[in-house]
Amino acid sequence: MVNGPEDDSAGWLSVDWQRAEDDVRRLRQRIFTATQAGDLARVRNLQKLMLRSRANALLSVRRVTEINAGRETAGVDGKTPLLAALGSFPARDMIAGWLKAGVIEDGTFTPTREGTPQGGVASPLMMNVALHGLEAAAGVRYYPDGRKDAGKSVPGTPVVVRYADDLVALCVSAEQAQQVKDRLAQWLAPRGLAFNEGKTRIVRLEDGFDFLGFSIRRYRNGKLLIKPSKAAVQRIRSRLAAEVRTLHGANAEAVINALNPIIRGWAAYYRTVVSKEIFSALDHYVWRLTYRWALRAHPNKPKRWVTARYFDAFHPARRDRWVFGDRDSGRYLVKFSWTPIVRHRLVTGGASPDDPALASYWATRRRRGRPPLGPFFLRLLQSQNGRCPGCGSLLLHADQQPQCPDEWELWLKGLRKAIRRAAVTAPGGPPDENARCLMHASCAKRRNTARAARPQQLPPEPSGLA
């Protein structure tokens, strides 16, 4: 049950999304402020209000159906410990119902007798609830607020980095690493979780290790470098080769349409680390793939003819005549190395997006985050302050950036479907096809529906005067 007008029969396209986002944001900030003040009774009342909020229900549905890219977070098996971790949360009984509600996929119902299913919409949240307190159990200690070094780890204590169910514990010695593993194994057992011994290792930083597709290693000169892992590079090479094989017999534009989101997505994920050399090597590999594809498409033509047809300086701003392109449409294949390296900025201390005092900090952080888009999209985004003129909300949902190469690929593919280059319409006038703006597809559809329902203005009748 959610709050809202009983006779409200408005459709999905008529929802005021900016108002809904503002309502939910204010309510989240009130919950954060009450939590910081230690007013648990007020926190519980505000949580109940959030659960009954119509705006929250609308945004939740939109998050799942339009925005969420579909993560593959592991499920949580321990139902009783999970519910215990929720404490007095008002929706505890509702979540207990979710855990045994079952799953319908492709029309087939599968019961969930214990815990949350892998890849479920609620699995990432439930995983974070179940693993809350893991750092303290591992022995991690930070300097408290009020100190100059507040938020930094106390020397001699381990540091734990976790993403969903993957974690790395950075320790000062192998003995401490073994102690951390033993402590966490005991802490995880009552929660129905355990280490995957086949993937759990204790290694020296000089030997390096892989984490979330990255290779972290300290080299002989003392530098610590983070690069794309060898396994990740091999996966993208195999993926590109498989895509090109399926495109034998297709035209150049089909090759470009298939490979561009893959290249952009992989480069976007690895643009924050030491990737320039690997980007260049992958560009050479893609050139070989497309060159062989072109030779196979024209077996009776000489190599010079094939090269002249498919390779040229298609990019208008780059002096690179070895760009694969389609002369009929003018479209071209992007290169990994065209994605600039942008170092990741750490979030300051314990800064929370729900802290009303840090609204300007998060707004500045969003503005500095340059999405991996072409100059046309970036120009329009800047002119619109990153917001949709139809609903006023963010076009790219910068607070929920993709978290892996596949999610970046899906995000970039969906971007052109979810955002349209809509013609700008002046009040009372026809659309100007030369002036363009970016809009959510749903907002553009709502605008077109309203325009179609508007009565057409008839031309004035002739007065009979010459």
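Note that the structure is predicted; figures quoted are calculated from it, not measured. (Residues numbered from 1 in each chain as written. Predicted model: local features only at pLDDT ≥ 70, side-chain atom pairs only at ≥ 80, totals over all residues. Heavy atoms only, no water.)

> When you look at the overall build of the protein chain in this model, what are you seeing that I'm missing?
Of regular secondary structure, the protein chain possesses 16 helices and 11 strands. Within the span of the protein chain, comprising 466 residues, buried residues form 34% of the whole. If you sum the accessible surface of the protein chain, you get close to 29300 Å²; carbon and sulfur atoms cover 52% of it. (Helix = DSSP H or I, 4+ residues; strand = E, 2+ residues; numbered from the N terminus. Buried < 20%, exposed > 50% of the residue type's maximum accessible area, 1.4 Å probe, protein only. Areas by Shrake-Rupley, 256 points an atom, 1.4 Å probe, with all protein chains shown as cover.)

> What is the right way to read the environment of T112 from this model?
As for its placement among the helices and strands, T112 is situated in the loop between strand 2 (108-110) and helix 6 (123-130). Residue class for T112 comes out buried when judged on its relative accessible area of 13%. For the pair T112 and W98, spaced 14 residues apart in sequence, the C-alpha to C-alpha distance is 9.1 Å.

> Got a minute to help me understand the packing of helix 4 (residues 79-86) against helix 5 (residues 92-99) in this structure?
The geometry of a pair of packed helices is captured by two quantities: the angle between their axes and the separation between those axes. At a closest axis distance of 10 Å, the pairing of helix 4 and helix 5 adopts a crossing angle of 160°. Our classification of the angle between helix 4 and helix 5 gives roughly antiparallel. Viewed along their axes, helix 4 and helix 5 form a crossing whose handedness is right-handed. Of helix 5, the residues touching helix 4 (which contributes K79, L82, L83, A84 and L86) are R92, I95, A96 and L99. (Axes fitted to C-alpha atoms, helices over the stretch in contact; angles between N-to-C directions. Parallel < 35°, antiparallel > 145°, perpendicular 65-115°, else oblique. Left-handed = near helix turned anticlockwise from the far one by under 90°. Contact = heavy atoms within 4.5 Å.)

> Mind showing me how you'd approach the layout of surface pockets here?
Gaps between atoms show up when a probe of the same size as a water molecule is rolled over them. Its volume calculated, the second largest pocket comes out at about 1000 Å³. Along its surface, the second largest pocket is lined by 34 residues, and R264, V334, L373, G374 and P375 are the ones closest to its centre. At the level of secondary structure, the elements contributing two or more residues to the lining of the second largest pocket comprise helix 10 (252-270), helix 14 (375-383) and helix 15 (405-418). Looking at the lining of the second largest pocket, the element that brings in the most residues is helix 10, giving six residues. Across the lining of the second largest pocket, the residue classes break down as 19 nonpolar, six polar and nine charged. (1 Å grid on protein atoms, 1.4 Å probe; cavity = no way out; pocket = protein on both sides within 12 Å on 5 of 7 lines; lining within 4 Å. Points joined across faces, edges and corners; volume = space filled by probe spheres on them. Nonpolar A, V, L, I, M, F, W, Y, C, P; charged D, E, K, R; others polar.)

> Please explain the pairing of strand 7 (residues 224-228) as it appears in this structure.
On a regular strand, each side chain points to the face opposite its neighbour's, so the side chains alternate between the two faces of the sheet. Pairing analysis gives five bridges linking strand 6 (residues 214-218) to strand 7, with the strands arranged antiparallel. Opposite R217, over in strand 7, you have L225 as the bridge partner. (Pairing = 2+ DSSP bridges.)

> When you look at the sheet that holds strand 7 in this model, what are you seeing that I'm missing?
Whether parallel or antiparallel, the strands of a sheet pair through hydrogen bonds between backbone atoms. Taken in spatial order, the three strands of this open sheet run 5-6-7, and their pairing is antiparallel. Each edge of the open sheet is held by one strand with a lone partner, namely strand 5 (209-211) and strand 7. When the angles between neighbouring strand axes are averaged without regard to direction, this sheet yields 30°.

> Quick question: what am I supposed to make of the nonpolar core here?
Residues L240, W266, W293, F324 and F336 are the most contacted members of the largest nonpolar core, which totals 72 residues. Top element by residues in this core is helix 10. It accounts for 12 residues. If we ignore the near neighbours within four places in the chain, the residues touching F336 are I236, L240, I263, W266, A267, F279, L282, D283 and V286. Listed in part, the 11 residues of the second largest apolar core include M127, L134, V140 and V160. (Core = buried A, V, L, I, M, F, W, Y, C linked by side-chain atoms within 4.5 Å.)

> Just to check I follow, could you spell out a positive patch on the surface for this structure?
On the surface, a cluster of positive charge is made up of R345, R366, R367, R368 and R387. By secondary structure assignment, the location of R366 is in helix 13 (residues 359-368). (Patch = residues over 30% accessible without salt bridge, like charges linked within 9 Å, V, L, I, M, F, W, Y side chains within 5 Å. Salt bridge = Lys/Arg side-chain N within 4 Å of Asp/Glu carboxyl O. Lys, Arg positive; Asp, Glu negative; His and termini not counted. Charge placed at Lys NZ, Arg CZ, Asp CG, Glu CD.)

> Teacher, can you tell me more about the side chain of Q176 here?
Position of Q176 among the secondary structure elements: in helix 8 (residues 174-188). In this structure Q176 comes out as buried when scored by relative accessible area, which is 12%. Beyond its immediate stretch of four places on either side in the chain, Q176 contacts G156, T157, P158 and C171.

> Hey, could you run me through the packing of aromatic side chains in this one?
How two aromatic rings sit relative to each other is given by the distance of their centres and the angle of their planes. One pass over the full model with this rule turns up 18 aromatic pairs. Ring geometry for Y332 against W338: centres 6.1 Å apart, planes inclined by 70°, an arrangement best described as edge-to-face. Classification of W338 as buried rests on a relative accessible area of 16%. Taken together, the ring pairs connect W287, Y291, W293, Y310, F311, W322 and F324 into an aromatic cluster. Lying over the aromatic face of Y285, R237 brings its terminal NZ or CZ to 4.0 Å of the ring centre. (Phe/Tyr/Trp six-rings, centres within 6.5 Å; stacked < 30°, edge-to-face > 60°. Lys NZ or Arg CZ within 6 Å of the ring centre and 35° of its normal.)

> It is not clear to me how the packing of helix 4 against helix 6 should be interpreted in this structure. Could you clarify?
Where helix 4 contacts helix 6, the axes come no closer than 9 Å and their chain directions differ by 75°. By the criterion of interaxial angle, the relationship of helix 4 to helix 6 is roughly perpendicular. Here L82, A85 and L86 of helix 4 come into contact with helix 6, specifically with M126, V129 and A130. The residue makeup of the contact of helix 4 with helix 6, split by class, is six nonpolar, no polar and no charged.

> Looking at this structure, I do not really get the side chain of S229. What am I missing?
Positionally, S229 belongs in the loop between strand 7 and helix 9 (230-246). Under the relative-accessibility criterion, S229 is labelled buried at 2%.

> Even after reading the chapter, I still don't get helix 5, so can you show me in this structure?
Each α-helix winds once per 3.6 residues, and so residues spaced three or four apart point in a common direction. Inspection of helix 5 places I95, A96 and L99 among the buried residues, and these make up the whole buried set. Seen along its axis, helix 5 keeps its buried residues to an arc of 105°; they face one direction. Next to the buried residues of helix 5 lie helix 4 and helix 6. (Arc of directions from axis to C-beta.)

> Can you help me understand the environment of L131 in this one?
Take L131: it is sitting in the loop between helix 6 and helix 7 (134-138). Taking the C-alpha atoms as reference points, L131 and R191, separated by 60 residues in sequence, lie 8.6 Å from one another. If near-sequence neighbours (up to four positions away) are discounted, L131 is found in contact with R162, A164, W187, L188 and L193.

> Which parts of the structure should I look at to understand the pattern of salt bridges?
A side chain of one charge can pair with a side chain of the opposite charge when the charged atoms of the two come close. One pass over the full model with this rule turns up nine salt bridges. Residue D354 is joined to R28 by a salt bridge in which the shortest nitrogen-to-oxygen separation is 2.8 Å. One end of the pair, D354, is in the loop between strand 9 (323-324) and helix 13; the other, R28, is in helix 1 (residues 17-37), with 326 residues separating them in the sequence. Taking relative accessible area as the criterion, D354 reaches 16% and is therefore assigned buried. Across the pair K181 and E197 runs a salt bridge, and its minimum N-O distance is 3.0 Å. Residue K181 is found in helix 8, and its partner E197 is found in the loop between helix 8 and strand 5; the two are separated by 16 residues along the sequence.

Keep in mind these numbers describe shape, not what the thing actually does.
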